[in-house]
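Listed below, chain by chain, are the residues.
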Amino acid sequence: MEKIMFYILSAIIIIFAVLSVTSRKLYRATIYLLFVLIAVSGLYFMMEYNFMGAVQLSVYAGGIMVLFVYAVMMTDKIGEPMRTISSKRKILPVVIAVGTAALAIFAIYTYQGIGVVNEPTVTTVEQVGNKLLTYKPGGYVLPFEVISILLLAAMIGAIVIAKAKKLVNREKN
Amino acid sequence: MIEGVSLFEIMSLTTILFFIGIYGFLTRTNLIAMLMSLELMVNAEAINFVAINKYLSPAVLQGQVFSLFIIALAAAETALALAIILHLYRLTKTIDVKEVEKLKY
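Residues numbered from 1 in each chain as written. Chains lettered and ligands numbered in written order. Predicted model: local features only at pLDDT ≥ 70, side-chain atom pairs only at ≥ 80, totals over all residues.

### Points about the overall build of chain A
Phase 1: For chain A, the helix and strand inventory stands at seven helices and zero strands.
Phase 2: Here the C-alpha atoms of chain A give a radius of gyration of 22 Å, more than 25% beyond the 16 Å that 2.2 N^0.38 yields for 173 residues.
Phase 3: In terms of overall dimensions, chain A has a C-alpha envelope of 65 × 50 × 30 Å along the principal axes.
Phase 4: Looking at chain A as a whole, 21% of its 173 residues are labelled buried.
Phase 5: For chain A, the share of sequence-separated contacts (at least 6 apart) that also reach a separation of at least 24 residues comes to 50%. (Helix = DSSP H or I, 4+ residues; strand = E, 2+ residues; numbered from the N terminus. Rg over C-alpha atoms; globule rule 2.2 N^0.38 Å. Buried ≥ 20, exposed ≤ 12 C-beta atoms within 10 Å, placed from the backbone. Contact = placed C-beta atoms within 7 Å.)

Here it is as structure tokens:
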């Protein structure tokens, strides 16, 4: 049962990822990316890491996708196909991507030294919270604080960059 | 871990997803579309962290905490990049990388 679910999710991820990078309409590509992100959150739920699945749904499929949709609406003429490079110039990217992917999958399947633990484990929110906020060895309280400062800096930076023209004009006056 | 699915299958899936992202990054000329290919790659990495943690050593939570940090970083990166792209569009009226040459000379 879980195997079938995994294969369905994989098929959704791969098909919509391919559509998302090949579609000539930018708005459609954005919506295909949304399907990929939702299927990825399904993978997290299948791996019994419910908190990450919820974060993926709310931050990626909720927040980042809204940003993308707004950016597309502000910059793109919706319905008009995007400019694409000629199919002759797509040969090299296809060769690079397929060749390197084949090489990597070959390397994964021929590697022998993996000792896999075969027991299903559930990661609870409590475990993750304890790990993130503990001061003891193995805790992640410092990266956690650094990330929060980084998010604040990114927020201020985004506002300043998006308003930069007004600031420049004010300095001139 | 997922019952009946081996680590190899999950890693094959993430490898394919990552290289679809690489292909999109190389062929797209629209800046927002390139950023979307980047999101595909970041997602593949986050799945890899969680899957390897779950299959190899479920007792420690390192990979799962790292995947949370990856999502936070991706959110910050996307917000900044989209702000830059919007500003660029206001200056040049296009976000096609072939036509944006302001930094070139």
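Read on, since the account is not over.
### Remarks on the interface of chain A and chain B
Phase 1: Facing the 73 residues of chain A at the interface are 60 residues of chain B.
Phase 2: Broken down by element, the residue count for the side of chain A that touches chain B peaks at 13 residues, all from helix α3 (residues 50–75) of chain A.
Phase 3: Classifying every residue of the side of chain A that touches chain B gives 54 nonpolar, 12 polar and seven charged. (Nonpolar A, V, L, I, M, F, W, Y, C, P; charged D, E, K, R; others polar.)

### What about the domain arrangement of chain A?
Phase 1: According to the domain assignment, chain A contains domain 1 (1–91) and domain 2 (124–173).
Phase 2: For domain 1 of chain A versus domain 2 of chain A, the distance between C-alpha centres works out to 25 Å. (Domains from an automatic or database assignment.)

### A look at the confidence of the model for chain B
Residues and elements named next belong to chain B.
Phase 1: Averaged over all residues, the pLDDT of chain B equals 88, while 96% of them reach at least 70.
Phase 2: The least confident element of chain B is helix α3 (residues 62–92), whose mean pLDDT is 89; the most confident is helix α1 (residues 7–27), at 93.
Phase 3: Confidence metrics for the complex model read pTM 0.89 and ipTM 0.91. (pLDDT = per-residue confidence, 0-100.)

### Examining α3 of chain A
Because each turn of an α-helix spans 3.6 residues, side chains separated by three or four positions in sequence point in the same direction.
Phase 1: Look at α3 of chain A: 36 Å from first C-alpha to last across 26 residues, which is about the 38 Å you get at 1.5 Å a residue.
Phase 2: Within α3 of chain A, the axis deviates most sharply at Met65 of chain A, by approximately 30°.
Phase 3: Every buried residue of α3 of chain A is accounted for by Met52, Val55, Gln56, Tyr60, Ile64, Phe68, Ala71, Val72 and Thr75 of chain A.
Phase 4: In this structure, the buried side of α3 of chain A is in contact with α2 (26–46) of chain A together with α2 (31–56) and α3 of chain B. (Expected span 1.5 Å × (residues − 1). Bend = angle between axes of the 7 residues up to and from the residue.)

### Section: α3 of chain B
Phase 1: Across its 31 residues, α3 of chain B extends 44 Å between first and last C-alpha, which sits within 8% of the 45 Å expected from 1.5 Å per residue.
Phase 2: Within the sequence span of α3 of chain B, burial applies to Gly63, Gln64, Val65, Ser67, Leu68, Ala74, Thr78, Ala79, Leu82, Ala83 and Ile85 of chain B.
Phase 3: On the buried face of α3 of chain B, the contacting elements are α3, α5 (125–133) and α6 (141–162) of chain A together with α2 of chain B.
Phase 4: Of the residues flanking the end of α3 of chain B, it is Lys93 of chain B, one or two places downstream, whose phi is positive at about 65°.

### Looking at the packing of α6 of chain A against α3 of chain B
What describes two packed helices is the angle between their axes and the distance between those same axes.
Phase 1: Interaxial distance between α6 of chain A and α3 of chain B falls to 9 Å at its minimum, and their mutual angle equals 10°. Accordingly, the angle class assigned to the pair α6 of chain A and α3 of chain B is roughly parallel. Across the interface between the two elements, Pro143, Ile147, Leu150, Leu151, Ala154, Gly157, Ala158, Ile161 and Ala162 of chain A from α6 of chain A touch Phe69, Ala72, Ala76, Ala79, Leu80, Ala83, Ile84, Leu86 and His87 of chain B from α3 of chain B.
Phase 2: Taken together, the residues that form the contact of α6 of chain A with α3 of chain B break down as 16 nonpolar, two polar and no charged. (Axes fitted to C-alpha atoms, helices over the stretch in contact; angles between N-to-C directions. Parallel < 35°, antiparallel > 145°, perpendicular 65-115°, else oblique.)

### Describing the environment of Gly53 of chain A
Residues and elements named next belong to chain A.
Phase 1: Mapped onto the secondary structure, Gly53 falls in helix α3.
Phase 2: With 40 residues separating them in the primary sequence, Gly53 and Pro93 have C-alpha atoms 32 Å apart.
Phase 3: Residues in contact with Gly53, not counting those within four places in the same chain, are Ser41, Tyr44 and Phe45.

### Things to note about the environment of Val100 of chain B
Residues and elements named next belong to chain B.
Phase 1: Relative to the helices and strands, Val100 is located in the segment after α3.
Phase 2: C-beta crowding within 10 Å serves as the criterion here: with 17 such atoms nearby, Val100 is assigned to the partly exposed category.
Phase 3: Considering only alpha carbons, one finds Val100 and Leu26, 74 residues apart in sequence, at a separation of 17 Å.
Phase 4: If sequence neighbours within four positions are ignored, Val100 has contacts with Leu88, Thr92 and Thr94.

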